[in-house]
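In case you want the letters, here they are:
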Amino acid sequence: MNSIRIWENKWQQFNSSPYSSGSPVPASISEIFHLYEEYLVFKTLQLNHGMKVLDIGAGAGRWTVSFAPRVGKIIAIEPTPSFRILKNNTVDFANVECVNISFSEYETDEKFDLIIISGVLMYLNEQGEYNTFLLKALGMIAPSGHLILREPVGRNKKRKKIGEILKRDEPDCIEQME
């Protein structure tokens, strides 16, 4: 997958903090933004310890670490060398399984109550790759499950593509929390 090659050149910008974004914004500021986003997500969702969560492109574990104390099981997929940071940041959570492969290679029959895709889609360049990725993720959602798409870059262009994939102009599953 081309997106993995792109990301392999960027992962070293992360440090051990799950709030480091590789941008010039300090991790402490990113943490404040994350805590606000976290508040909105947890306020919206009814989380419980029976839930299964899939974190696709988990990076350093920002969302995995946030959800781990509140749900039953999390599978965190991260195909890049930042997987080592993810493992270190989640070592204290027995309910977290870290998988070091790309989402396109990940196979399971499990259905998830929640799937998180954060900062991943912006690395998919081809429409076919984008469609395949989203359709696969949608197929893994349990009935009455949720999909969190957190894509801060190119939002309007990506929203249109997501709408086309779902055969709607504005999918209900996309809510902007601004």
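The text that follows walks through the structure, step by step, so that each part is easy to find. Here the structure is a predicted model, which is why all the values come from computation and not from measurement.

A few words now on the packing of aromatic side chains. Under the definition given, this model contains four aromatic pairs. Considering the side-chain rings of phenylalanine 42 and phenylalanine 67, the 5.0 Å spacing of their centres and the 90° angle between planes classify their relative orientation as edge-to-face. In this pair, phenylalanine 42 is assigned in helix α2 (residues 27-44) and phenylalanine 67 in helix α3 (residues 62-67), connecting sequence segments 25 residues apart. When sorted by exposure, phenylalanine 42 lands in the same class as phenylalanine 67, which is buried. An aromatic cluster is present here, built from Phe42, Trp63 and Phe67 joined pairwise through their rings. Stacked on the ring of phenylalanine 103, the Lys or Arg lysine 136 has its end atom at 4.8 Å from the ring centre.

Moving on, we come to unusual backbone geometry. Of note in the backbone geometry, serine 144 takes a positive phi value of approximately 65° without being a glycine. Inspection of the secondary structure assignment puts serine 144 in strand β5 (residues 141-150).

Right, let's get into the nonpolar core. If you look at soluble globular proteins, the nonpolar side chains tend to sit buried side by side. In terms of nonpolar packing, the biggest core is built from 20 residues, with Leu54, Ile56, Phe103, Tyr106, Ile115, Ile117 and Phe133 touching the most fellow members. Listing elements by their share of this core, those giving two or more residues are β1 (52-56), β2 (73-77), β4 (112-118), α5 (127-139) and β5. In terms of residue count, α5 provides more of this core than any other element does, four residues in total. Those residues in contact with phenylalanine 103, other than ones at most four positions away along the chain, are Leu54, Ile56, Ile77, Phe133, Lys136, Ala137 and Met140. Membership of the second largest hydrophobic core comes to 19 residues, among which are Phe42, Phe83, Leu86 and Ile148.

The strand order across the open sheet built from five strands is β3-β2-β1-β4-β5, with neighbouring strands paired in parallel fashion. Only two strands of the sheet have a single partner each, and these edge strands are β3 (96-99) and β5. Each strand of the sheet is rotated relative to its neighbour by a mean of 15°, with strand direction disregarded. Its contacts with the sheet place helix α4 (residues 83-90) against β2 and β3, and it is angled at close to 170° to β3.

The next point concerns the pattern of salt bridges. This model, assessed by the stated rule, comprises four salt bridges. Between arginine 150 and glutamate 37 there is a salt bridge, and its shortest N-O distance comes to 2.6 Å. Of this pair, arginine 150 sits in strand β5 while glutamate 37 sits in helix α2, and the two are 113 residues apart along the sequence. The residue glutamate 107 makes a salt bridge to lysine 136 at a minimum N-O spacing of 3.8 Å. Highlighted residues: glutamate 107 in the loop between β3 and β4 and lysine 136 in helix α5, separated in sequence by 29 residues. Where salt bridges share partners, they join Lys52, Lys73 and Glu110 into one cluster.

Conventions we followed
Residues numbered from 1 in each chain as written. Predicted model: local features only at pLDDT ≥ 70, side-chain atom pairs only at ≥ 80, totals over all residues. Heavy atoms only, no water. Phe/Tyr/Trp six-rings, centres within 6.5 Å; stacked < 30°, edge-to-face > 60°. Helix = DSSP H or I, 4+ residues; strand = E, 2+ residues; numbered from the N terminus. Buried < 20%, exposed > 50% of the residue type's maximum accessible area, 1.4 Å probe, protein only. Lys NZ or Arg CZ within 6 Å of the ring centre and 35° of its normal. Core = buried A, V, L, I, M, F, W, Y, C linked by side-chain atoms within 4.5 Å. Contact = heavy atoms within 4.5 Å. Pairing = 2+ DSSP bridges. Axes fitted to C-alpha atoms, helices over the stretch in contact; angles between N-to-C directions. Salt bridge = Lys/Arg side-chain N within 4 Å of Asp/Glu carboxyl O.

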